[in-house]
Amino acid sequence: FFKPLPNDWEDHLAAKHFSVEGQLEFRALLFVPHRAPSDLFESEKKRINNKLYVGRAFIMDDCDELLPDRLSMAKGVVVSENLPLDIRRETLQQSKILRVIKTNLVMKCPEMS
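Nothing here was measured: the structure is a model prediction, and the numbers come from that model.

Rules used in this analysis
Residues numbered from 1 in each chain as written. Predicted model: local features only at pLDDT ≥ 70, side-chain atom pairs only at ≥ 80, totals over all residues. Heavy atoms only, no water. Helix = DSSP H or I, 4+ residues; strand = E, 2+ residues; numbered from the N terminus. Contact = heavy atoms within 4.5 Å. Expected span 1.5 Å × (residues − 1). Polar contact = N/O pair within 3.5 Å; in protein donor to acceptor, adjacent residues only side chain to side chain. Pairing = 2+ DSSP bridges. Phe/Tyr/Trp six-rings, centres within 6.5 Å; stacked < 30°, edge-to-face > 60°. Buried < 20%, exposed > 50% of the residue type's maximum accessible area, 1.4 Å probe, protein only. Salt bridge = Lys/Arg side-chain N within 4 Å of Asp/Glu carboxyl O. Axes fitted to C-alpha atoms, helices over the stretch in contact; angles between N-to-C directions. Core = buried A, V, L, I, M, F, W, Y, C linked by side-chain atoms within 4.5 Å.

1. Some thoughts on the environment of Ala57
- For Ala57, the position within the fold is in strand 4 (residues 57–60).
- Residues contacting Ala57, with those up to four places away along its chain left out, are Leu52 and Leu85.

Next up, the structure:
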């Protein structure tokens, strides 16, 4: 499923699939591709790291707000039911829901195996 995301057809180095339930519910798949991209240290190029979905509806292709820059080697897909479908990028950047998702993703990154 996640091999086409970073354009790497080899197995991943580490992966973590989890779901969070409570006031906020989301499912996430985080992984580190086998090969680092050739432009990993070029800050000018926009990378496709994280995809955000609400239910089955695609919202954003490169959601920089999900993981900090220090975790740029990790790729991921997040599916949340708590975000509205008609959300704009400006609204998304200031969303408390997205900050909670980001906190959970950062905490789960060291658990990847």
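Having seen it, we continue.
2. With respect to helix 2 (residues 96–108)
- Compared with an ideal rise of 1.5 Å per residue, which puts 13 residues at 18 Å, helix 2 spans 19 Å between its outermost C-alpha atoms and is within 8% of the ideal.
- For helix 2, the N-terminal capping position is held by Ser95, with its side-chain oxygen 3.3 Å away from the main-chain nitrogen of Ile97.

3. With respect to the pairing of strand 4
- Here strand 3 (residues 50–54) pairs with strand 4 via 3 bridges, running antiparallel. Following the sheet pairing, Val54 is matched in strand 4 by Ala57.

4. What about the packing of aromatic side chains?
- Within the structure shown, the criterion is met by 2 aromatic pairs.
- Each ring, one from Phe18 and one from Phe26, has its centre 6.2 Å from the other, and the planes form 75°; the classification is edge-to-face. We note that Phe18, like Phe26, is buried.
- Ring plane angle 65° and centroid distance 5.3 Å describe the contact between Tyr53 and Phe58, whose orientation is recorded as edge-to-face.

5. Quick notes on the pattern of salt bridges
- The tally for this structure, following the rule as stated, stands at 3 salt bridges.
- With a shortest N-O distance of 3.4 Å, Lys16 and Glu111 are connected by a salt bridge. Here the residue Lys16 occupies a position in strand 1 (residues 14–20), and Glu111 occupies one in the segment after helix 2, the gap between them amounting to 95 residues.
- Assessed through its relative accessible area of 40%, Glu111 is described here as partly exposed.
- A salt bridge links Lys51 to Asp61, with the shortest nitrogen-to-oxygen separation between them at 2.5 Å. Here Lys51 is found in strand 3, whereas its partner Asp61 is found in the loop between strand 4 and strand 5 (75–80), with 10 residues between them in sequence.
- What makes Asp61 partly exposed here is its relative accessible area of 29%.

6. Here we look at the sheet that holds strand 2 (residues 26–32)
- Strand order in the open sheet formed by 5 strands is 1-2-5-3-4, and the pairing between neighbours is mixed. With partners counted over all chains shown, the strands left at the sheet margins are strand 1 and strand 4, one partner each. For this sheet, the mean angle separating the axes of adjacent strands, direction not counted, is 20°.

7. With respect to the nonpolar core
- In terms of nonpolar packing, the biggest core is built from 25 residues, with Phe26, Val78, Leu92 and Leu105 touching the most fellow members.
- Taken together, the elements giving at least two residues each to this core come down to strand 1, strand 2, strand 3 and helix 2.
- Excluding residues within four positions of it along the chain, Leu105 makes contact with Phe18, Phe26, Ala28, Leu30, Leu66, Leu67 and Val78.

8. Quick word on the pairing of strand 3
- Where burial is concerned, most of strand 3 is hidden: 4 out of the 5 residues are buried.
- Summarising the sheet, strand 3 and strand 5 pair through 5 bridges and their orientation is parallel. Its bridge partner lying in strand 5, Val54 is registered against Ser80.
- Count of turn residues in the strand 3/strand 4 antiparallel hairpin: 2 residues, of which Gly55 carries a positive phi of about 65°.

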